[in-house]
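# Topology and contacts: notes
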Amino acid sequence: MRSGTVAVIGRANAGKSTLVNVLVGEKVAIVSPKPQTTRDRIMGILTREEYQIVFADTPGLYRQRNELTDRMMHTTENTSKEVDVILFVHDGHAGAKDEDISLMKKYSALGVPMLIAYTKTDIMPKENIPRDAKILYEAGIENDVVPVSARKGRNIRLLEQEIAKLLPEQDKLFPDDVVSDRSEKFMISELMREKILLKYDKEIPHGVAIVINKFERQENGTYVIDLDVVCEKKNHKAILIGKQGKALKETASFARQDMEKFLGAKVFLTVFVKVREDWRDRAGLLKEFGYDENN
Ligand SMILES: Nc1nc2c(ncn2[C@@H]2O[C@H](COP(=O)(O)OP(=O)(O)OP(=O)(O)O)[C@@H](O)[C@H]2O)c(=O)[nH]1
Ligand SMILES: [Mg+2]
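A quick note: this is a predicted structure, and the numbers were derived from the prediction, not measured.

So, how was this worked out
Residues numbered from 1 in each chain as written. Chains lettered and ligands numbered in written order. Predicted model: local features only at pLDDT ≥ 70, side-chain atom pairs only at ≥ 80, totals over all residues. Heavy atoms only, no water. Donors = N, O, S within 2.8 Å, 3.2 Å for Na, K, Ca; no water. Helix = DSSP H or I, 4+ residues; strand = E, 2+ residues; numbered from the N terminus. Buried < 20%, exposed > 50% of the residue type's maximum accessible area, 1.4 Å probe, protein only. Pairing = 2+ DSSP bridges. Axes fitted to C-alpha atoms, helices over the stretch in contact; angles between N-to-C directions. Contact = heavy atoms within 4.5 Å. Domains from an automatic or database assignment. Buried area = accessible area lost by both parts, 1.4 Å probe. Salt bridge = Lys/Arg side-chain N within 4 Å of Asp/Glu carboxyl O. Nonpolar A, V, L, I, M, F, W, Y, C, P; charged D, E, K, R; others polar. Parallel < 35°, antiparallel > 145°, perpendicular 65-115°, else oblique. Patch = residues over 30% accessible without salt bridge, like charges linked within 9 Å, V, L, I, M, F, W, Y side chains within 5 Å. Areas by Shrake-Rupley, 256 points an atom, 1.4 Å probe, with all protein chains shown as cover. Lys, Arg positive; Asp, Glu negative; His and termini not counted. Charge placed at Lys NZ, Arg CZ, Asp CG, Glu CD.

### Quick word on the coordination of the magnesium ion (ligand 2)
Taken together, Ser17 (OG) and Thr38 (OG1) make up the full set of protein donors to the magnesium ion (ligand 2), lying 2.0 to 2.1 Å away. Here Thr38 lies in the loop between helix H1 (16–24) and strand E2 (42–47) and Ser17 lies in helix H1, a separation of 21 residues in the sequence. Across the pair, Thr38 and Ser17 agree in class, each one buried.

### Comments concerning the sheet that holds E2
Pairing is mixed in the open sheet, where six strands are placed in the order E2-E3-E1-E4-E5-E6. Only two strands of the sheet have a single neighbouring strand rather than two, namely E2 and strand E6 (145–147). On average, adjacent strands in this sheet sit at an angle of 25° to one another, irrespective of strand direction. As paired strands, E2 and strand E3 (residues 51–57) are joined by six bridges and run antiparallel to one another. Among the inter-strand pairings, Met43 is bridged to a residue of E3, identified as Ala56. Across the sheet, helix H3 (residues 98–108) touches strand E1 (2–10), strand E4 (85–91) and strand E5 (114–119), and the angle it forms with E4 is around 175°.

### Observations concerning the domain arrangement of the protein
Under the domain assignment, the protein is made up of domain 1 (2–165) and domain 2 (184–288). Placing a centre on the C-alpha atoms of domain 1 and another on those of domain 2 gives a separation of 28 Å. On the side of domain 2, 23 residues touch domain 1, which itself brings 20 residues to the contact. Taking both sides of the interface into account, the surface hidden between domain 1 and domain 2 amounts to around 1,700 Å²; carbon and sulfur atoms contribute 55%. Sorting the residues of domain 1 by area buried against domain 2 places Ile30, Lys34 and Arg39 first, and these three jointly supply 36% of that buried surface. Across the domain 1-domain 2 interface, the total number found is one salt bridge. Among the ionic pairs, Glu194 bridges to Lys27, the shortest N-O distance being 2.7 Å. Class assignment for the residues of the side of domain 1 that touches domain 2 results in eight nonpolar, five polar and seven charged.

### What about the packing of H1 against helix H5 (residues 156–165)?
With their axes 10 Å apart at the nearest point, H1 and H5 run at an angle of 85° to one another. On the basis of the axis angle, H1 is roughly perpendicular to H5. Between H1, through Leu19, Val22 and Leu23, and H5, the contact on the second element is made entirely by Ile156, Leu159 and Glu160. Counted by class, the contact of H1 with H5 contains five nonpolar, no polar and one charged residues.

### Let's talk about a positive patch on the surface
On the surface, Lys126, Arg151, Lys152 and Arg154 cluster together into a positively charged patch. As for its placement among the helices and strands, Lys152 is situated in the loop between E6 and H5.

Structure below.
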């Protein structure tokens, strides 16, 4: 049997997490239209009779601005060196710029077999696919390029099979029924962060961390969840809460619905907003909020 690990890397917002979710067939990573949605390495596991593919979704490549993004970039760099295959996800609808080409070259040079997923083909003219493939080839990129659309499910099976061919012969790394290496609790905090990314503007979600204080399953099967939304500034707290708490209420309700879907049970959710000044640059707080150096 073939099995192994695949680092899913690429620029921020390229569509990595969406692609991993579609490949795995379940939501293992949150998705949003804002860059820097993914902060940790998250494993999504796809098991078939003939092979098992362990995808490591990573934080998108982005310029470093603070201790948190610095750690995120370390995570991506380290992951790409420890795997059997690299899946470089490129947002096809954004064209193929010099910057993209140099990133592809950089990761290709690591000596790990690399495939390029040229994604979002559903929102670009068809003729751009051969045009960009030619640009990449002429720039010296010799890796196979698979055009896909995660949103429309185009070429996903083909991509899966191309990846499987590159995996080593070895036993499964995870049991058959496991789809993620992350706990339910982690996913709950991510779902909360996802709704904040969708609801608020740029600076607010990037400065938010989620701390779960209580995660309990009652005897009747319902869950009681208490969490803190930690933000960086007092004025962010006011925006998060909104007039008469309206914004927070809406966000929490939106998150609760997704949590219920994920857990398959009723959820009682309590959310508090707290301020911890500039936590993204404070090592102790990063650790407390789960952003460990070796994540
Ligand atoms: N039209 C279209 N949009 C897509 C596709 N894949 C992803 N998107 C959108 O692209 C945006 C970014 O998707 P993500 O999956 O969060 O991107 P990411 O690469 O994981 O981003 P980071 O975690 O921030 O690095 C979201 O708005 C997605 O809905 C696709 O195949 N087609
Ligand atoms: Mg992501």
